[in-house]
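Inside the fold
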Number of protein chains: 2
Amino acid sequence: MKNTFLVALLLTASLPAAAQNAAPLTARLDKVSLTFALSPEGRPTYAVQFGSKPVLNPSRLGLELADGKGFEGPLEVTGSDTKSVDESWNPVWGEVKTIRNHYQQLTVHLRQPQAPGRRLDVVFRVFADGVGFRYEVPQQPGLSYFTVQQELTEFNLPANHKAFWIPGDYDSNEYSYTTSRLSEVDTTPIEAIQQKAAPNRIQTPLMLKSDDGLYVNIHEAALVNYPAMFLNVDTKTYGLRSQLVPGATGAAAFLQAPEHTPWRTIVVSDKAPEVLTSKLILNLNEPTKFPTTDWIKPQKFVGVWWEMHVNKASWNYADTSNIKLAGTDWNRLKPNGRHGANTANVKRYIDFAAQHGLQSVLVEGWNVGWEDWANNWKEEVFDFVTPYPDFNVTELQQYAASKGVQLMMHHETSSSVTNYERRQDAAYRFMKQHGYAAVKTGYVGRIIPRGEHHDGQWMVNHFNRTAALLGQNQLMVDMHESVRPTGLHRTYPNWLASEAARGNEFNAWSTGNLPEHETILPFTRLMGGPMDYTPGIFQIKLESWNPAQNKGRQVHTTLAKQLALYVTMYSPVQMAADLPEAYEQHLDAFQFIKDVAVDWDDTRVLLAEPGEYITTARKAKGREDWFVGSITDENPRQQTVKLDFLTPGRQYEATIYADGKGASWDKNPQAYQIRKQKVNSKSTLKLQLAAGGGAAISLKPIGR
Amino acid sequence: MKNTFLVALLLTASLPAAAQNAAPLTARLDKVSLTFALSPEGRPTYAVQFGSKPVLNPSRLGLELADGKGFEGPLEVTGSDTKSVDESWNPVWGEVKTIRNHYQQLTVHLRQPQAPGRRLDVVFRVFADGVGFRYEVPQQPGLSYFTVQQELTEFNLPANHKAFWIPGDYDSNEYSYTTSRLSEVDTTPIEAIQQKAAPNRIQTPLMLKSDDGLYVNIHEAALVNYPAMFLNVDTKTYGLRSQLVPGATGAAAFLQAPEHTPWRTIVVSDKAPEVLTSKLILNLNEPTKFPTTDWIKPQKFVGVWWEMHVNKASWNYADTSNIKLAGTDWNRLKPNGRHGANTANVKRYIDFAAQHGLQSVLVEGWNVGWEDWANNWKEEVFDFVTPYPDFNVTELQQYAASKGVQLMMHHETSSSVTNYERRQDAAYRFMKQHGYAAVKTGYVGRIIPRGEHHDGQWMVNHFNRTAALLGQNQLMVDMHESVRPTGLHRTYPNWLASEAARGNEFNAWSTGNLPEHETILPFTRLMGGPMDYTPGIFQIKLESWNPAQNKGRQVHTTLAKQLALYVTMYSPVQMAADLPEAYEQHLDAFQFIKDVAVDWDDTRVLLAEPGEYITTARKAKGREDWFVGSITDENPRQQTVKLDFLTPGRQYEATIYADGKGASWDKNPQAYQIRKQKVNSKSTLKLQLAAGGGAAISLKPIGR
C-alpha cells in the first residue's frame, strides 16, 4: 500500500506548488508506521500501516470552519517537527500500577495558500499499538474566535472488515452491538432510543477485525471543548468519515485560538488482548491538576436501585403525575407505599454493606420530583436538596457513619442541565454537609438547553466542568448517560466511571443484552474508560420479585458469569447490584464480590476475541492476590488458563466459582459450583463455561 | 360595531352546535365594553369598544399546541363566570401612593368538541381604561405537559391608525420609533441590531392613535414562563396577529397545566395623558411575595460609565484581544492606561456622590474579561468575582462606607447566560460580602444557550428567576438588554428598572435618538415599567471629551430637557449620567438632579401627545415637594402649566430650569436659565421649550 502511495506522489510531481511541497512525512514505532502527504489537490492525508499490512489507506484530514475560510484544502506544508518520548507514570487508580508512554511524534505545519494564510498544525503520535493525532490551531493574527462547522477527518479502511457497531444517536449509546461487515452497516432496522441521525452513521469506539488478522479500534482521546466524533460509513469503499455532533444552531464547535481538537485514535494489533491492554488513549490525556488525590477511593457499593428496576419498589413517593417542583407540599402527597428510598429500607442496605465490608450505599429516589421526572422536557424537575418525607437525611447520615459506611448521593438531572447547573453549588454544599463523598449522576431524556445533544460540545463541557467542580469539592462521580469516555479519568481521577453504554439494567425491562454483550463492551465502550455496568445479579429470573410485572424477564447470564464481570469489566467503582435478600441466599458465591479488588497493580488479558470470550487476570493493588474472570457469549466454551502470571515458587489457594453442571443462561442460570485448589505459576486451569456463562477465580497466596 | 356583530351571529343561528352555544358574552366598565363570541366556524373571538367607538373589531383567540390537538377551534362554550372587583393597594415604590384596581371580570370556559375534549378558559378583565385577557389551561385529565407552538390572538383594528413602532427583533428593543400609518409598516429599510424576523413584524408596547381621537396601547402584563408577544401587521386589513418569540427548537413555550399565558392588554382612552397614568398593567401583575421590602431603596446614582461611552476611558484594562478567562494572568497584562474602573477614579465618583447626596456609584469594567467580551458568542467570558489589578475591592468598600455611599455592582453577561447562571450564587455572595446592595446587569449580544433569544421563554424565565434570586438575597437590580417589562416590578419590587429600549447612550456612538424619542418612550416602552434611560447629560457636544473620536457627535437635547427627563421618564433608579467634571461646571443646574425625588405620592400628566410633548408633575413621596418636567420634540413649543395640583392656600417656591434664550438642541444646547418665583394652586406657568428642549421645575412649600 505504501508503495502505491509513493507512486501516486511521483505521478503528481508536476502539480502546482501546494502539491509540490508535499514530500511525504513519516513516523514509526515498532510495527506501526504513519505517513503524511498532501493529495494531488493539496489536501492533507495520512495513512497507517501495521508491519506490512495497511491499517488505513490514505485518508483525508481537515477542518471546515463556519466562515468558509477554513482548512478544507488546498493547504501548504510549511514545515514539520519530530519528537521522541519514552516515559512512564502512575495513575491514581487503574488496571496497572505504571503506564509507559512511548511514542514518536510528527507535527506537520500547514498553511492556507489563500488570504488570510491561516495556520493549522496536525500532530501525530505513533505508539507501538497505534496512532493518535489531533488538529491544533495555533495563536495567530486574524484567527481568534472560530466555529468548526464540520471535521473532514477520514479513516479509509483497506477492506470490508468485520465491525462491532451501534447506531449514531447523538443522545444515547445504550444500544446492543451489531456485528456485521462494513458493507452491511445499516441502522434502519434498529429501534431508536432517542434519535438516529442517518442509516449509515455509527459511534465510536468502533471495533474492527480484518480478514488478515488485524484488530483495529477507532475512537478519540481527551474529548474537551468539542463534540463527540461519530462516523459515517461508506459501505462501498469502506471509508469512514467523521461526523461531529451538532449544537443547537447546527454548528459543531465554538472555539478560540490557541485550541486543539481531541485526539483521533487508531489502536491496532494482531492480537486481540493487546487492544484491551492498550494505554494509548490514557496516554493522550493530560495528567490531573488536582493538588491531592488521596480522597479518591475506588470502591464497591450496594444500592436502593435494582429493586426499582425489578418492580419491587418505586423511585417516586406518590403515584400522582403532573407535579410542580415549586409549590408542591410533599408532606401532603399520598405515599404509594412502594417508595424504595425510605429510611428503614436504606438502613437495611447500610447494615448489609457494613456486614460484608462494602464501602457505600447508593440511594436513588431520595429527593422530591420523581412523580413525573421523565419524558416531559421539563426544566424545573429536581432541586437535589429536598428529601421525600420518608427519607431522613440526618438520621441516615448518623446511622451510616456509625456503621462505617458512606452514603452515595444520586443526582438524576432528567437532562435538564440548565436546572442542574444552577443548583450544583447548593447540591454539592448539601453533599459536604451531609457526609456524602460521591455522587451518581444521570442524564435521562432530552437535553435542556433545548436543541443541544448529550454528545455535543455544550454537554461535553458540562460533563468536564462537573468533574472539575466536584474535584474542587473533593467529591467523586459516576456519570450515567454522559458522553462516552475518552480517557479523561486521567485528568479527573474523581470521575470514577460512566455508564454511557447499554448496562445490565436493560435486562430488567427490555429485550435485554445478548450473552455476547459483555465480550464486546471491553473492545468498544471501555476503551475510553471505566463503566458502571452494575454486575452481580444473582436472582437472574426476575419473576420471583414481582411475578405480575416481570413475567418471562431474566438477565441473560449465569450467576458465575456475573462474578466474572467484576474482573473482565474494569471499573474502580463496582456495584453489587442485586438486592441484599438475593445475596443472602448465596453467601458462598457472594464471597467473591466481597473479596474482589477494585484497584490493580497489574492486568493480563489471557484470552480474548470480541463477541466471543474474554479471560482476564488482575493483581490487587498492593497485595499478592490475583483475580481472574472468564466469560463467554451464547456458546459454551472451555478456556484453558495458564497461571504463569503468579509469582514463581509461591503457593496460592485458588477459589473457583464456576458454572454448575447443566448450567446455561436461559435454562439453568443459577447453577454454580465453588471449588478450592492449591496452584502455582506452573498450574493450568481448565474452565468449563456454560452457554452465556463464566467463571471467577480468586487466588490468594498461602502462608507468609 | 357591536350591532353588526350581533347581526352576524343571528345569521349563523342554523350552524352546528359548536356555534349555536355561542351567545355573545359581554362585560363593561364605564366606557369600555368587551364582547366575546364564537365565530361561525366556532372560533372564539373578542371585540372591544370605547363608548360608541370600536377599539378592536372581532378578533380571533386561540392557542396552537405542538401536538396538533390544541385550541385553534372550533371550540364550544361550556359556561362563563363574572366577577366584580374594586380594591386598592399601595406599591412599594411608584408614581402614586395608592393604586385602584377596579374591573369587571368575565371568564369563558371553552372545550374542544373533538376528543380528548381539552378545556381552555379565557379570562377578561374590563377596566375603565382598557381590557386585559389571558388564556388559562386548567388542571385536567389528559393535558399535563404541553407545548405552545403559536398563539392565535389577534387585535383587529378598525381603521388605518397612526402607529409608533419598532421592528420585530427577537433580541433587541434598542430601535428608534417609526411613526407611520399601519398600512405603511415596513421594517425593511431599518438596520437590524441583531436580527429582524419579518418586514411586517413589530414589537409591543405598540402605541396607536385613531383618526377619531382614540389612544390605544397594546402590550402584555405579567410575562412569566412564556415568550414575549410580537405583532405581525396586516397592512391591508389593519389586523395585528400575535407572534410568540420561538425557542431554539422553534416551539414557543413548554408548559405544564395548570398554567396561564400573560395578560394581553389594551389600554384605551380619548385622552393621551390617561394612557400614561393607566395602572392596568400593574394591576394585572401579582403582588410581591417578598416577606420584607424595607431594604428596597429608590435611588439616584453616578457611575464610571459615560466616560467610556464618550471615549475618555475604557471598560477593558488591556488593549489585547483573544483573552481566555481561565489561565490568564491578569497581573501580567499590559494596562492600556485608560481603564476607567481604577481605584482612584472610583474614589473620585464616591467623593462626588457623597458631596451631592447621591446614593450610589456604579462601576462598569471592574471585573476581568472585558478585553474581548463582545460579539464572539463566547461562553466563558466573565466570572463576576475577579477584579482587575487596579480595582481594589476592599479598599473601595471601606472608602464608600466611610462616605455613606453605596457601590453599585455591574454584571455584564455578554448574553452568555448559562455562564452567568452557573456563577450567580458566587457572584451574589461576593456582593453581600463586599457591601453591594444593587446590581446593574447587561445582556449584550447573542444568547447562550445558542439558539435562544432575549425575548423567548427561556430568557424570560432567566430574567424573572434572577429577580427572585436577587430578592432572596435582598439585592436590587437594574437590567439592561432584558426583555421589555410587563409590570413585574409589582411582583419583584427589587427589580427597580430595565433598559430594554434605546437609551441615552445611543447618542454617544450612533446616529443617536431623535428629539421626539423621549416623548414616545412613555407611551411605549415605559407602559411596562421603569426605564434606566440614563438622563442628565450636560456636556451635550461630545467633542470636548475626545475631539478625535467624538467629532460631530452630540446628544439630541438641550440641557434643560435633560433635567425634565427625571420627571417625564419615570424610574425609581435614576442615573446622573454625565461625568462629575461636567456637573461641576453647572452646579446651579445640577441642583435639580440633587433635589428631584425618585419615589412619588402622586403623578399628574398635564399635557401629552406621543411624538410631540409631555408635561408631567409629581409629588415627592412623603413630602409636599412637587417636581414638573416638560419636554418637546424637535419643535419649539410653549406649554401652559396650571399648578392646580398644589395644595390650595399654600405658597410654594418654584425653581424653573428652562431653556435659555436662543437655545436649541442642535445649535445651542447648553443655554439654560434658572429663575425662582412664588406660586400657589391658582398659578399658571408658561414654559417656553426650545427645539428639542424642555423645562424642569421644583416646587417647595414655603414656611410651615
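Residues numbered from 1 in each chain as written. Chains lettered and ligands numbered in written order. Predicted model: local features only at pLDDT ≥ 70, side-chain atom pairs only at ≥ 80, totals over all residues. Heavy atoms only, no water.

Looking at the overall build of chain A
Just so we agree on the cut-off: The secondary structure listing takes helices from DSSP runs of H or I that are at least 4 residues long and strands from runs of E that are at least 2 residues long, numbered from the N terminus. Atoms considered for the radius of gyration are the C-alpha atoms alone. The globule rule reads 2.2 Å times the number of residues to the power 0.38. Three exposure classes are used, based on accessible area relative to the maximum for each residue type with a 1.4 Å probe and protein chains only: buried under 20%, partly exposed in between, and exposed over 50%. Residues count as neighbours in contact if any of their non-hydrogen atoms are within 4.5 Å of one another.
Helices and strands together make up the secondary structure of chain A, namely 14 helices and 36 strands. Computed over its C-alpha atoms, the radius of gyration of chain A comes to 26 Å, within 12% of the 27 Å expected for a compact globule of 704 residues. The 704 residues of chain A split such that 65% are buried. Of the contacts formed within chain A by residues at least 6 apart in sequence, a portion of 71% connects residues at least 24 apart.

Digging into the pattern of salt bridges
Filter applied, for reference: Only one rule defines a salt bridge in this text: a Lys or Arg side-chain nitrogen within 4 Å of an Asp or Glu carboxyl oxygen.
Under the criterion given, the structure shown has 65 salt bridges over all chains. A salt bridge links Arg 348 of chain A to Glu 581 of chain A; the shortest N-O distance between them is 2.8 Å. In this pair, Arg 348 of chain A is assigned in helix α6 (residues 343-356) and Glu 581 of chain A in helix α13 (residues 580-584), connecting sequence segments 233 residues apart. Among the residues examined, Glu 581 of chain A registers a relative accessible area of 18% and is labelled buried. Between Glu 95 of chain B and Arg 618 of chain B there is a salt bridge, with the nearest N and O atoms lying 2.6 Å from each other. Of the two residues, Glu 95 of chain B is situated in the loop between β6 (76-89) and β7 (99-111) and Arg 618 of chain B in strand β30 (residues 613-620); the sequence distance between them amounts to 523 residues. Here Arg 618 of chain B falls in the buried class, since its relative accessible area comes to 3%. Connected through salt bridges with shared partners, the residues Glu 421 and Arg 465 of chain A together with Glu 379, Glu 380, Arg 422 and Arg 423 of chain B form a single ionic network.

Let's talk about the packing of aromatic side chains
For the record, the criterion: Planes of paired rings set the category: under 30 degrees apart is stacked, over 60 is edge-to-face and the rest tilted, where pairs are Phe, Tyr or Trp rings (Trp by its six-membered ring) whose centres lie within 6.5 Å. Ring-over charges, as used throughout, are those where CZ of Arg or NZ of Lys falls within 6 Å of the ring centre and within 35 degrees of the ring normal.
Scanning the entire structure with this criterion turns up 66 aromatic pairs over all chains. Judged by centre distance (6.4 Å) and plane angle (80°), the ring pair of Tyr 420 of chain B and Tyr 428 of chain B falls under edge-to-face. An aromatic cluster is defined as three or more aromatic residues linked by ring pairs; in this entry it consists of Trp 315, Trp 370, Trp 373, Phe 382, Phe 384, Tyr 420 and Tyr 428 of chain A. Looking at Arg 450 of chain A, its charged tip hangs above the ring of Phe 254 of chain B, at a distance of 3.7 Å from the centre. Sitting above the plane of the Tyr 399 of chain B ring, Lys 347 of chain B keeps its charged end 4.9 Å from the centroid.

Structural notes on the sheet that holds strand β10 (residues 145-151) of chain A
All names here are of chain A. Just so we agree on the cut-off: Paired strands, as defined in this entry, are two strands with at least two bridges between them according to DSSP. For helices, the fitted axis covers only the stretch in contact; all axes are lines through C-alpha atoms, and the angles between them, taken along N-to-C directions, range from 0 to 180 degrees.
On the basis of which strands lie adjacent, the open sheet formed by three strands has the order β5-β10-β19 and antiparallel pairing. Looking along the sheet, the strands with just one partner apiece sit at the ends: β5 (63-65) and β19 (253-256). If you compare each strand with its neighbour and ignore which way they point, the axes differ by 45° on average. In this sheet, β19 lies alongside β10 in antiparallel orientation, the contact comprising four bridges. Paired with Val 148 across the two strands is Ala 253, which belongs to β19.

Description of α6 of chain A
All names here are of chain A. Rule in force here: One less than the residue count of a helix, multiplied by 1.5 Å, gives the span that helix is expected to have.
Counted at 1.5 Å a residue, the expected span for α6 with its 14 residues is 20 Å, and the 20 Å between its end C-alpha atoms agrees. Those residues of α6 that fall on the buried side of the exposure criterion are Thr 343, Asn 345, Val 346, Tyr 349, Ile 350, Phe 352, Ala 353 and His 356. One or two residues past the end of α6 sits Gly 357, with phi positive at roughly 75°.

Points about the interface of chain B and chain A
Often the size quoted for an interface is simply the accessible area lost on bringing the parts together. Threshold: Here the quantity called buried area is the accessible surface, traced with a 1.4 Å probe, that two parts lose on coming together, added over both. For this analysis, a polar contact is any N or O atom pair within 3.5 Å, provided that within protein one partner can donate a hydrogen and the other can accept it, and provided that sequence-adjacent residues contribute only side-chain to side-chain pairs. Ten residue types, Ala, Val, Leu, Ile, Met, Phe, Trp, Tyr, Cys and Pro, are classed as nonpolar, four, Asp, Glu, Lys and Arg, as charged, and the remainder, Gly among them, as polar.
The partner chain A presents 32 residues to the 32 residues of chain B that form the contact. Together chain B and chain A conceal approximately 2,700 Å² of surface at their shared face, both sides included; 46% is due to carbon and sulfur atoms. Our count for the chain B to chain A interface comes out at two salt bridges. In this structure, Glu 421 of chain A and Arg 422 of chain B form a salt bridge, with 2.5 Å as the shortest nitrogen-oxygen distance. Between the two partners, chain B and chain A, sit 18 residue pairs in polar contact (both at pLDDT 80 or more). Those elements that place two or more of their residues in the side of chain B that touches chain A are β19 (253-256), α8 (417-433) and α9 (457-472) of chain B. If you tally residues by element for the side of chain B that touches chain A, the top one is α8 of chain B, at six residues. Looking at the side of chain B that touches chain A residue by residue, the classes come out as eleven nonpolar, eight polar and 13 charged.

A few points about the relation of the copies chain B and chain A
The condition is simple: Residues reaching a pLDDT of at least 70 in both copies supply the C-alpha atoms on which the copies are superposed by least squares.
Each copy of the sequence occupies a distinct position, and chain B is placed on chain A by a rotation of 180° and an axial shift of 0.0 Å, giving an RMSD of 0.0 Å. Each copy turns onto its partner about a two-fold axis. In terms of C-alpha distance to the rotation axis, chain B has Arg 422 of chain B as its closest residue, with the C-alpha 2.6 Å off the axis. Mapped onto chain A, 100% of the interface residues of chain B again fall at the interface, so both copies present the same surface.

Structural notes on the packing of α6 of chain A against helix α7 (residues 393-403) of chain A
Residues and elements named next belong to chain A. Using the following cut-off: Each angle gets one of four labels, with under 35 degrees taken as roughly parallel, over 145 as roughly antiparallel, 65 to 115 as roughly perpendicular, and the rest as oblique. Less than a right angle of anticlockwise turn of the near helix away from the far helix marks a crossing as left-handed, whereas a clockwise turn marks it as right-handed.
In contact at an axis separation of 10 Å, α6 and α7 are set at 15° when each is read in the N-to-C sense. Relative to α7, the element α6 is oriented roughly parallel. Crossing of α6 against α7: the hand is right-handed. Facing α6, whose interface residues are Thr 343, Val 346, Lys 347, Ile 350, Asp 351 and Ala 354, α7 presents Glu 395, Leu 396, Tyr 399, Ala 400 and Lys 403. Of the residues contributing to the contact of α6 with α7, the split by class is six nonpolar, one polar and four charged.

Description of the sheet that holds strand β30 (residues 613-620) of chain A
Residue and element names in this part refer to chain A. If you trace the six strands from one edge of the open sheet to the other, you get β29-β30-β31-β36-β33-β34, paired in antiparallel fashion. With partners counted over all chains shown, the strands left at the sheet margins are β29 (600-609) and β34 (672-679), one partner each. Here the average twist between neighbouring strands, direction ignored, is 15°. Here six bridges tie strand β31 (residues 626-632) to strand β36 (residues 694-701), and the two strands are oriented antiparallel to one another.

Points about the nonpolar core
Short version of the rule: Joining through side-chain atoms within 4.5 Å is the link that ties buried Ala, Val, Leu, Ile, Met, Phe, Trp, Tyr and Cys residues into a set, and such a set is a nonpolar core.
Membership of the largest hydrophobic core comes to 167 residues, with the highest contact counts inside it found for Phe 36, Tyr 46, Phe 124, Phe 155 and Trp 306 of chain B. Judged by nonpolar contacts, the second largest core, of 166 residues, contains Trp 295, Leu 559, Val 567 and Ala 620 of chain A.

Structural notes on the confidence of the model for chain A
Residue and element names in this part refer to chain A. What counts here: Scored between 0 and 100, pLDDT is the confidence that the predictor attaches to each residue.
When pLDDT is averaged along chain A, the result is 95, and 97% of the positions lie at 70 or above. When the criterion is pLDDT under 50, residues 1-20 qualifies, and its contacts beyond four places in sequence or with other chains add up to 26 contacts. Of the two predicted TM-score estimates for the complex, the pTM is 0.95 and the ipTM is 0.94.

Side note on the pairing of strand β23 (residues 360-363) of chain B
All names here are of chain B. This is how it is decided: Seen with its strands pointing away from the viewer, a crossover is right-handed if its path from the first strand over the helix to the second goes clockwise.
The alternating pattern of β23 places Ser 360 and Leu 362 on one face and Val 361 and Val 363 on the opposite face, and all of these are buried. Where β23 meets strand β24 (residues 406-412), three bridges bridge the pair, whose relative direction is parallel. Residue Leu 362 lies in a different strand from β24, and its bridge partner there is Met 408. Handedness of the β-α-β unit built from β23, helix α7 (residues 393-403) and β24 comes out right-handed.

A short note on unusual backbone geometry
For the bond running from Ile 448 of chain A to Pro 449 of chain A, omega is 25°, close enough to zero to count as cis. Relative to the assigned elements, Pro 449 of chain A resides in the loop between β25 (438-442) and α9 (457-472). The omega torsion of the bond from Thr 204 of chain B to Pro 205 of chain B falls at -5°, within 30 degrees of zero and hence cis. Topologically, Pro 205 of chain B is positioned in the loop between β14 (201-202) and β15 (206-209). Located in the positive-phi region is Asn 311 of chain A, a residue other than glycine, with phi close to 65°. Among the secondary structure elements, Asn 311 of chain A is positioned in the loop between α5 (306-309) and α6. Residue classification places Asn 311 of chain A among the buried residues on the basis of a relative accessible area of 18%. The phi torsion at Glu 481 of chain B lies on the positive side, around 55°, for a residue other than glycine. Its relative accessible area of 15% is what places Glu 481 of chain B among the buried residues.

Section: the packing of helix α12 (residues 559-568) of chain B against helix α14 (residues 587-595) of chain B
Residue and element names in this part refer to chain B. Taken N-terminus to C-terminus, the directions of α12 and α14 make an angle of 10°; their axes are 10 Å apart at the nearest point. Judged by the angle between their axes, α12 and α14 are roughly parallel. Across the interface between the two elements, Leu 559, Leu 563, Tyr 566 and Val 567 from α12 touch Ala 589, Phe 592 and Ile 593 from α14. When its residues are assigned to classes, the contact of α12 with α14 shows seven nonpolar, no polar and no charged.

Description of the UniProt feature "domain: Glycosyl-hydrolase 97 N-terminal" (unreviewed entry) in chain A
The test is simple: UniProt positions are given in the numbering used here, feature names are shortened, and annotations may be inferred rather than shown by experiment.
In this structure's numbering, the residues bearing the UniProt feature "domain: Glycosyl-hydrolase 97 N-terminal" (unreviewed entry) are residues 31-287 of chain A. Across residues 31-287 of chain A one finds 4% helix and 49% strand; the C-alpha atoms that close the span lie 27 Å apart.

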